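# Coordinates in review
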Amino acid sequence: MVFHNNGVIGDKIVKNRIVALPVCIRAYTKKDGLVTKEQLERYRILNSNNIGVIIVESCAVEERCQRIQTNIGIWSDEQIEGLNKLADVCSANETIAIIQLNYRDLTCLNNNYSISEIDEELAKNIQKQFLSAAVRAKKAGFDGIELHCAHGYFLNQILSIKNKRLWEYGPEKEKKVQYICEIIQMIKFECGNKFLIGIRYGCNEPDIETSIFYAKCFENAGADYLSISNGIGQDTFESCLRSNIDLGVGEPTLSEMNSKIYAAGIIKKEVAIPIIASGNIFNKKIAEKILHDGIADFVGIARGFLADPFWGRKVLNEKPVNLCCGCYDCKWFVNQEQCPAKRKL
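Because the structure is a prediction, the values reported are computed rather than measured.

## Quick look at the pattern of salt bridges
Summed over all chains, the structure comprises 14 salt bridges. A salt bridge links K12 to D11; the nearest nitrogen and oxygen atoms lie 3.4 Å apart. On the basis of relative accessible area, K12 is assigned to the buried category, the value being 18%. Overlapping salt bridges bring together K124, E168 and E182 as one network.

## What about the state of the cysteines?
Considering all chains together, one arrives at one disulfide under this definition. Across the disulfide from C65 sits C108; the S-S distance is 1.7 Å. Placement of the pair is C65 in the loop between β4 (53–60) and α2 (80–91) and C108 in the loop between β5 (96–102) and α3 (120–140), with a sequence separation of 43 residues. A relative accessible area of 2% places C65 in the buried class. Cysteine C327 shares no disulfide, and the gap to the nearest cysteine sulfur, in C325, comes to 5.6 Å.

## A closer look at the sheet that holds strand β9 (residues 275–277)
In space, the eight strands of this closed barrel follow the order β3-β4-β5-β6-β7-β8-β9-β10, with parallel pairing throughout. Strand-to-strand twist across the sheet, computed as the mean angle between neighbouring axes with direction ignored, equals 30°. Where strand β3 (residues 18–20) lies against β4, two bridges are found, and the strand directions are parallel. Counted as the bridge partner of A20 is I54 from β4. Its contacts with the sheet put helix α6 (residues 208–221) on β7 (196–202) and β8 (225–229), and the angle it makes with β7 is roughly 170°.

Reading the values: rules and limits
- Residues numbered from 1 in each chain as written.
- Predicted model: local features only at pLDDT ≥ 70, side-chain atom pairs only at ≥ 80, totals over all residues.
- Heavy atoms only, no water.
- Salt bridge = Lys/Arg side-chain N within 4 Å of Asp/Glu carboxyl O.
- Buried < 20%, exposed > 50% of the residue type's maximum accessible area, 1.4 Å probe, protein only.
- Disulfide = S-S within 2.5 Å.
- Helix = DSSP H or I, 4+ residues; strand = E, 2+ residues; numbered from the N terminus.
- Pairing = 2+ DSSP bridges.
- Axes fitted to C-alpha atoms, helices over the stretch in contact; angles between N-to-C directions.
- Contact = heavy atoms within 4.5 Å.

Quick look at the structure:
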């Protein structure tokens, strides 16, 4: 079965092709950003699935810019002890442990502050905050970090159509991507080439063609893998249809395969580093097709693990899983007890 095949990220052998994507659970976190016993238990269960990679949920590099005021922090050395426990849990059983770094946006500093008004001194300081967070991640024992450049957050805004001002990092796409590439290079220089760096970014920045350009830049700067998601741009489905790149699997159909997955296959053809595909991969059939057809190197599972904490173990052992219902607004982000899939367990 294709799930069991080894993969490679950087210089590390990955024991199988299943990746647990970063998902924040509000109920498990505290405002001080310290790792909680609930989080340790959640990731212990995830690791028991014997999956290839665990990417820890979005962690704040700046105290004032926590995503939801209660996510894991990595802005202070005081947080390293808890992060070390988390790294140990995630890396057990030879699983690759990655931690995602995020800076929410500029409104956490000033409600009226936007990306079009950022000054270069602040921009440079934020780069240093990402570097400091990466150094803490390495000290804590993680195999690498992932830069969160998707879903409308600060790094996504740098890459996006919102970055319109004429300055060192915009508005041309070459200048925008340079900001992220400099962070990659800073981290590689400080943490070493064996410390993994992943980029989670949108395939619609603002279209698939520009996202391919960004992918090549990330690879040249030293990124070890790309995790494909949504950004700030036009509809992913329409962007893919406009592409003149033939994926070899026909046009994307939203009923069978999320268009982000199709986009991942388009980007994969343009770079040599591994691609993680994601987007409502709830069942074994879709996940297996992605890997078998070479659409991506790894399948990223997020809500699948919320609906069934043992999704990976069951798939690897060819057992039926408890399927996510695909609610438009995931109930886990408000009250997990309202999750219809969890009620079926």
